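# Fold and contact review
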Amino acid sequence: MNSFEEEARATLRARENTLDGTTLARLGAARRAALATPAAPWWRLHVPALGGAALAVAVAVAVLMPMQEQLRAPTRAGEPVVEDPQFYEDLDFYMWLSESEMGSHG
Amino acid sequence: MRADSDGADDSGTGAMDIEAFLRSIERRGFLMARLALGNEDDALDAMQDTMMRLVQRYANRPSAEWRPLFYRMLHNRITDTRRRRAISSRLFGWLERRDDDETQDPLERIADPAALDPGRIAASNETAEALMAAVAALPQRQQQAFMLRCWEGLSTAETATAMGCTEGSVKTHYSRAVHTLRGRLGEHYA
């Protein structure tokens, strides 16, 4: 720091002692009001972060759910994807029935 | 513990309680805010808000962190006040212009510290007033850098934290500020 900066600092710091009584009283009142303020609970300090995380999860769910549904959807209209084992048992029965009828007619 | 009438000393960052810290910083912070905002009431509001936030949010942090945190919040508050004024001026400024037919940029008419003419004050040989006026007339970032580095005595790294920018930016703003001030106030500081 050169002499100009040192002199400027000295000038500015000397200025701090020229504040009038009214201003000092108001500053003191502001300080006491601040000190009387209870510290914020930890969770309130993290509300923006928690809110952001919740929003990110909501957006992810909103985007991924339709994608998941799309993956499960039939590839062609009218062609359902069936995962029920009962359906295949029924299918076997109908195939047997069909073959039996063909055998009896033939 | 120091009394209210004690001078605002100093930038020691050893362990201290939050009240002692606020006492040590309130005068300097107030003068910086008044210089930046050009208004005593706005400066007091900014100081009270900043002190409250520091107590609420950072009282449990190590005392060495308080100073840069305090100035960061104070300067953010000052910037918010300036923005609000600018918006208010844009919304309602046309009413005033209709009255006085003034075509000057409303931003230039908001804060009046820059209205103090360093040259005129220098002529009256009031060095401190001339310096305050010259600092008030600096661009905002240069003003911040000068107040934090020279007046408050923060390190470059602490100033960067307080200003929310890189150390390189601090050095640039600070050197420009010192260059400008030296040019304007050379006759006062031989």
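Predicted model only: the values in this text are computed from it and were never measured.

### Describing the overall build of chain B
Check the secondary structure of chain B and you find 9 helices and 0 strands. Each helix (α) and strand (β) of chain B, taken in turn from the N terminus, gives the series α-α-α-α-α-α-α-α-α. Burial analysis of chain B (190 residues in total) assigns 39% to the buried set. Residue pairs in contact within chain B that sit at least 24 positions apart in sequence constitute 54% of those at least 6 positions apart.

### Some remarks on the overall build of chain A
Counting its secondary structure elements, chain A contains 5 helices and 0 strands. In sequence order, chain A lays out its α and β elements as α-α-α-α-α. The buried share among the 106 residues of chain A stands at 6%.

### Digging into the interface of chain A and chain B
Listed per partner, the contact involves 24 residues of chain A and 29 residues of chain B. Of all the elements in the fold, those that place two or more residues in the side of chain A that touches chain B are helix H1 (3-15) and helix H2 (21-36) of chain A. With 9 residues, the top contributor of residues to the side of chain A that touches chain B is H2(A). For the side of chain A that touches chain B, a count of residues per class yields 13 nonpolar, 4 polar and 7 charged.

### Some remarks on the nonpolar core
All names here are of chain B. With 52 residues, the main nonpolar core has Ala33, Met47, Leu131, Val135 and Phe146 as its most contacted residues. It is helix H1 (residues 18-37) that provides the largest number of residues to this core, a total of 11 residues. Other than its neighbours up to four places away in sequence, Ala33 contacts Ala43, Ala46, Met47, Leu74 and Ile78.

### A closer look at the packing of H1(B) against helix H2 (residues 40-58) of chain B
Residue and element names in this part refer to chain B. Relative orientation of the contacting elements H1 and H2 amounts to 145°, with a least axis distance of 9 Å. For the pair H1 and H2, the crossing hand works out as right-handed. Facing H1, whose interface residues are Ile18, Leu22, Glu26, Gly29, Phe30, Ala33, Arg34 and Leu37, H2 presents Glu40, Asp42, Ala43, Leu44, Ala46, Met47, Met51 and Val55. Looking at the contact of H1 with H2 residue by residue, the classes come out as 11 nonpolar, 1 polar and 4 charged.

### Let's talk about the confidence of the model for chain A
Chain-level pLDDT for chain A is 80 on average; 77% of the residues reach the 70-or-more range. Ranking the helices and strands of chain A by mean pLDDT puts H2(A) first, with 93, and helix H3 (residues 42-45) of chain A last, with 64.

### Concerning the environment of Met147(B)
Residue and element names in this part refer to chain B. Along the chain, the position of Met147 falls in helix H7 (residues 140-151). Under the C-beta neighbour-count criterion, Met147 is labelled buried, with 26 such atoms within 10 Å. For Met147, the contacting residues outside a window of four places in its chain are Met32 and Glu152.

### A word on the packing of H7(B) against helix H8 (residues 156-163) of chain B
Relative orientation and spacing of two packed helices are given, respectively, by the angle between their axes and the distance between those axes. Residues and elements named next belong to chain B. Between H7 and H8, the least distance of the axes is 10 Å, while the angle of their chain directions is 135°. Judged by the inter-axis angle, H7 sits oblique to H8. Crossing of H7 against H8: the hand is right-handed. Taken together, the residues of H8 that come into contact with H7 (itself represented by Gln144, Ala145, Leu148 and Arg149) are Thr159, Ala162 and Met163. Residues belonging to the contact of H7 with H8 are distributed by class as follows: 4 nonpolar, 2 polar and 1 charged.

### A look at H1(B)
A maximum bend of about 45° is found in H1(B) at Ile25(B). Downstream of H1(B) by a residue or two, Gly38(B) has a phi angle that is positive, lying close to 70°.

### Section: the confidence of the model for chain B
Note that predicted coordinates carrying low pLDDT should not be read in detail. Residues and elements named next belong to chain B. Overall, the predicted model of chain B reaches an average pLDDT of 81, with 72% of residues at or above 70. In the model, residues 1-14 has pLDDT below 50 throughout and makes 21 contacts with residues more than four positions away in sequence or in other chains. For residues 121-125, every residue scores under 50 in pLDDT, and the model assigns this stretch 8 contacts once sequence neighbours within four places are set aside. The ipTM for the predicted assembly is 0.71, set against a pTM of 0.65.

What counts as what
For every chain, the first residue of the written sequence is number 1, and numbering continues from 1 onward in sequence order. Numbering of ligands from 1 and lettering of chains from A proceed in the order in which they are written. For a predicted model such as this one, the threshold for reporting local features is a pLDDT of at least 70, and the threshold for listing and counting side-chain atom pairs is 80 or more; totals across whole chains, interfaces and linings nevertheless cover every residue. Only runs of H or I of at least four residues qualify as helices and only runs of E of at least two qualify as strands under DSSP, and these elements are numbered from the N terminus. Each residue is classed by its C-beta neighbour count within 10 Å, where at least 20 other C-beta atoms makes it buried, 12 or fewer makes it exposed, and intermediate counts make it partly exposed; the C-beta atoms are placed from backbone geometry. Residues are treated as contacting if the C-beta atoms built from their backbones sit within 7 Å of each other. Throughout, the ten residues Ala, Val, Leu, Ile, Met, Phe, Trp, Tyr, Cys and Pro are labelled nonpolar, Asp, Glu, Lys and Arg are labelled charged, and all others, Gly among them, are labelled polar. Core membership is restricted to buried Ala, Val, Leu, Ile, Met, Phe, Trp, Tyr and Cys residues, and these are joined into a nonpolar core through C-beta atoms within 7 Å. Structural elements are reduced to axes, namely lines fitted to C-alpha atoms, with helices fitted over the stretch in contact, and the angle between N-to-C directions of any two is expressed from 0 to 180 degrees. The hand of a helix crossing depends on one turn: near helix anticlockwise from the far one by less than a right angle means left-handed, and clockwise means right-handed. A residue's pLDDT is simply how confident the predictor is in it, with values from 0 to 100. Put simply, angles under 35 degrees are roughly parallel, angles over 145 are roughly antiparallel, angles from 65 to 115 are roughly perpendicular, and the rest are oblique. What we call the bend at a residue is the angle made by axes fitted to the seven residues finishing there and the seven residues starting there.

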